[in-house]
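Here is how the chains run, residue by residue.
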Amino acid sequence: MMKNIVKNKQQEDRTNKPLLSALHGEAIARTPFWLMRQAGRYLPEYKELRAKAGSFLDLAYNPDFAIEVTMQPLRRYGMDAAILFSDILVVPHALGQNLEFVTGEGPKLNPIRDLDSLSKLKFNDEVLEPVYEAVAGIRQQMKAENFHETALIGFAGAPWTVATYMVEGGSSRDFSNTKKWAYSDPDGFAKLIDLITNTTIHYLGRQIEAGAEVLQIFDSWAGALDEDQFKRWVIEPTVKIVRELNEKYPDIPIIGFPKGAGVLYQNYANETGVAALGLDSGVPMDFAKTLQKALPVQGNLDPVCLLTGGDALKQSAEKIINALSDGPFIFNLGHGIIKETPPEHVEQLAEIIRDYGQQL
Ligand code: 1CP
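Fair warning: this is a prediction, and the values are worked out from it, not measured in the lab.

> Lay out the nonpolar core with the relevant residues and their values.
If you look at the biggest cluster of nonpolar residues, it comprises 129 residues, and the most contacted ones within it are Phe189, Leu277 and Phe331. A total of nine residues in this core trace back to one element, the largest contributor, which is helix H11 (residues 186-210). When neighbours within four sequence positions are excluded, Phe189 is seen to be in contact with Trp160, Ala163, Val167, Thr178, Trp181, Ala182 and Trp233.

What follows is the structure in structure tokens.
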């Protein structure tokens, strides 16, 4: 009886929330959309709050600020999803790695390159309590502001991508320290990947408990690996995360985003068990349509095209919607919004997507 009531509530949310409908395999007349990095430095109201908070981490770990920043793009553009404002690097931080965001330089961590430094890491969930509090607060705030058709996305970095930051000590171009460790001592490197995998399962489970309705796993640097390494460090850990979360939370769809995977997107689609695929801008429409036969797809406008605006934006966005909107599809960028993007271009894009739905 209780189960039925819960089920009905979920079905109701699914029909109310276009993002959830698309993730359950439905083609929707008005294409649902959200944008990676939709909260961020292209918005003046974000910059204002960011300055008030001081550092990026002070912003992300303050639930009131994180809630407010998450709401900002919804109020302007009415996306179909909110995405929790946080960062993939809070997981290494909660494992005890030093983390700092240096303005203009990006994240800095003390590198973990051997088993000795790996053995010193220990997960402390206390660090992440403000994130869970923010998730619950965002759900409440969305209700309070009548965003009843908007779904809340929680997220984490995929183990491979998070490992690159932990090993390199920050952003990197070629990930050579990480790859060298993976090639020379796969069993040792697997210990790091396992630690991140297990922590991520716990972390995402707690986001669901706090109110996340969808999850996205960001594997931003999946494209750096060859076929065998991709299988071991991208597909296998993702299989484990998806399997364990699906067992415990069968109604929460997981979007996988293996950026730059190229033709290996097909393997990722076949093998990981994700509910939907996030596509980067390099994925051609024909291939996207093939992938869409198996799974809902999300993407994949070039963020530079959004930055450019005008006719180029209209043409590219319509081409993508045209190609993919007769199947389950969520409009997004192929990567995060660039900080110099004029907010009016995001408005233009939101209108293009809405107008397109009305033409049908
Ligand atoms: O000072 C600032 O405002 C810092 C900029 C910033 C922001 C706005 C960083 C630093 N992180 C974030 C938020 C963030 N990061 C979100 C928030 C939600 C939203 O999308 O609106 C999300 C989902 C992320 C995820 C993230 N962080 C990824 C995966 C997605 C991607 O962009 O590929 C990665 C790789 C990071 C690492 C990171 N965080 C920040 C920086 C500068 C970096 C390094 C990026 C790099 O190495 O190129």
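> Lay out the pattern of salt bridges with the relevant residues and their values.
Inspection of every chain in the model, using the stated rule, returns 13 salt bridges. Of the charged contacts, one joins Glu45 and Arg76 as a salt bridge, the two residues approaching to 2.7 Å between their closest N and O atoms. Of this pair, Glu45 sits in helix H3 (residues 44-53) while Arg76 sits in helix H5 (residues 63-77), and the two are 31 residues apart along the sequence. The closest approach of N and O atoms between Lys231 and Glu271, which form a salt bridge, is 3.2 Å. Of this pair, Lys231 sits in helix H12 (residues 227-248) while Glu271 sits in helix H13 (residues 265-271), and the two are 40 residues apart along the sequence. Judged by its relative accessible area of 40%, Lys231 is partly exposed. Exposure remark for Glu271: the relative accessible area of 35% places this residue in the partly exposed category. Linked by salt bridges that have partners in common, Lys17, Arg139 and Glu213 make up one network.

> Now, about the sheet that holds strand S4 (residues 151-157): what can you tell me, with residues and values included?
Strand order in the open sheet formed by seven strands is S1-S4-S5-S6-S7-S8-S9, and the pairing between neighbours is parallel. This sheet does not close on itself; its edge strands, each paired only once, are strand S1 (81-83) and strand S9 (329-333). Each strand axis lies, on average, 25 degrees off the axis of its neighbour in the sheet, ignoring direction. Bridge analysis of strand S5 (residues 214-219) against strand S6 (residues 254-258) gives five bridges, and the strand direction is parallel. Bridge pairing in S6 links Phe218 to Phe257. Across the sheet, H11 touches S4 and S5, and the angle it forms with S4 is around 165 degrees. Against the sheet, helix H16 (residues 310-324) touches strand S8 (297-301) and S9, its axis set at about 160 degrees to S8.

> I'd like a description of the packing of aromatic side chains, backed by residues and values.
Tallying each qualifying case throughout the model produces eleven aromatic pairs. Judged by centre distance (5.5 Å) and plane angle (85 degrees), the rings of Phe155 and Phe218 are edge-to-face. Of this pair, Phe155 sits in strand S4 while Phe218 sits in strand S5; the two residues are 63 residues apart in sequence, bridging distant segments of the chain. Of the two residues, Phe155 and Phe218, both sit in the buried class. Ring geometry for Phe218 and Phe257: centres 6.2 Å apart, planes at 85 degrees, overall edge-to-face.

> Give a description of the pairing of S8 that names residues and reports values.
A regular strand places its side chains on the two faces of the sheet in alternate fashion. Burial runs high along S8: five of the five residues are buried. In this sheet, S8 lies alongside strand S7 (residues 276-278) in parallel orientation, the contact comprising two bridges. Residue pairing in the sheet places Leu277 in a bridge with Val297 of S8. One ladder, built from five bridges, connects S8 with S9; its direction is parallel.

> Outline the layout of surface pockets, supporting the account with residue identities and numerical values.
Within this model, the largest pocket holds a volume of roughly 1,300 Å³. Every residue lining the largest pocket is counted, 37 residues in all, and those nearest its centre are Arg37, Arg41, Phe56, Asp87 and Phe101.

> Outline helix H14 (residues 285-294), supporting the account with residue identities and numerical values.
For H14, the set of buried residues is Met285, Phe287, Ala288, Leu291 and Gln292. Within H14, the buried residues cover an arc of 155 degrees as seen down the axis, which keeps them to one side. Of the residues in H14, the exposed ones pointing more than 90 degrees away from the buried face are Asp286, Lys293 and Ala294.

> So what about the pairing of S6? Which residues, and what values?
When you tally the buried positions in S6, you get five out of five residues, the bulk of the element. Since S5 and S6 lie parallel, the crossover through H12 that links them has a hand, and here it is right-handed. The pairing of S6 with S7 spans two bridges and is parallel. Looking at the pairing, Gly256 lines up with Leu277 of S7.

> How would you sum up the site of the ligand? Please name residues and give values.
The environment of the ligand is formed by 24 residues, the closest being Tyr46, Arg50, Tyr165, Ser171 and Ser220. Residue Gln38 places a main-chain N or O atom 3.2 Å away from an oxygen atom belonging to the ligand. Take Tyr46: an N or O atom from its side chain is 2.5 Å from an oxygen atom of the ligand. For the ligand, the accessible surface in isolation is 890 Å², of which the surrounding protein chains cover 88%. Of all the cavities here, the one that holds the ligand is the largest pocket. Listing elements by their share of the shell around the ligand, those giving two or more residues are H3 and strand S3 (106-109). For the shell around the ligand, the per-class residue count stands at 14 nonpolar, six polar and four charged.

> Got a sec to walk through the environment of Thr341? Specific residues and values, please.
Position of Thr341 among the secondary structure elements: in the loop between S9 and helix H17 (343-359). Judged by its relative accessible area of 2%, Thr341 falls in the buried class. In this structure, the C-alpha to C-alpha distance between Thr341 and Val304, residues 37 residues apart in sequence, is 8.3 Å. Ignoring anything within four residues of it in the chain, the contact list for Thr341 reads Tyr42, Leu306, Leu307 and Val346. A distance of 2.6 Å separates a polar atom in the side chain of Thr341 from the backbone oxygen of Ile338.

Conventions adopted
- Residues numbered from 1 in each chain as written.
- Predicted model: local features only at pLDDT ≥ 70, side-chain atom pairs only at ≥ 80, totals over all residues.
- Heavy atoms only, no water.
- Core = buried A, V, L, I, M, F, W, Y, C linked by side-chain atoms within 4.5 Å.
- Buried < 20%, exposed > 50% of the residue type's maximum accessible area, 1.4 Å probe, protein only.
- Helix = DSSP H or I, 4+ residues; strand = E, 2+ residues; numbered from the N terminus.
- Contact = heavy atoms within 4.5 Å.
- Salt bridge = Lys/Arg side-chain N within 4 Å of Asp/Glu carboxyl O.
- Pairing = 2+ DSSP bridges.
- Axes fitted to C-alpha atoms, helices over the stretch in contact; angles between N-to-C directions.
- Phe/Tyr/Trp six-rings, centres within 6.5 Å; stacked < 30°, edge-to-face > 60°.
- 1 Å grid on protein atoms, 1.4 Å probe; cavity = no way out; pocket = protein on both sides within 12 Å on 5 of 7 lines; lining within 4 Å.
- Points joined across faces, edges and corners; volume = space filled by probe spheres on them.
- Arc of directions from axis to C-beta.
- Right-handed = clockwise from strand over helix to strand, strands pointing away.
- Near = heavy atom within 4 Å.
- Polar contact = N/O pair within 3.5 Å; in protein donor to acceptor, adjacent residues only side chain to side chain.
- Areas by Shrake-Rupley, 256 points an atom, 1.4 Å probe, with all protein chains shown as cover.
- Sits in = over half its atoms within 2 Å of the grid points.
- Nonpolar A, V, L, I, M, F, W, Y, C, P; charged D, E, K, R; others polar.

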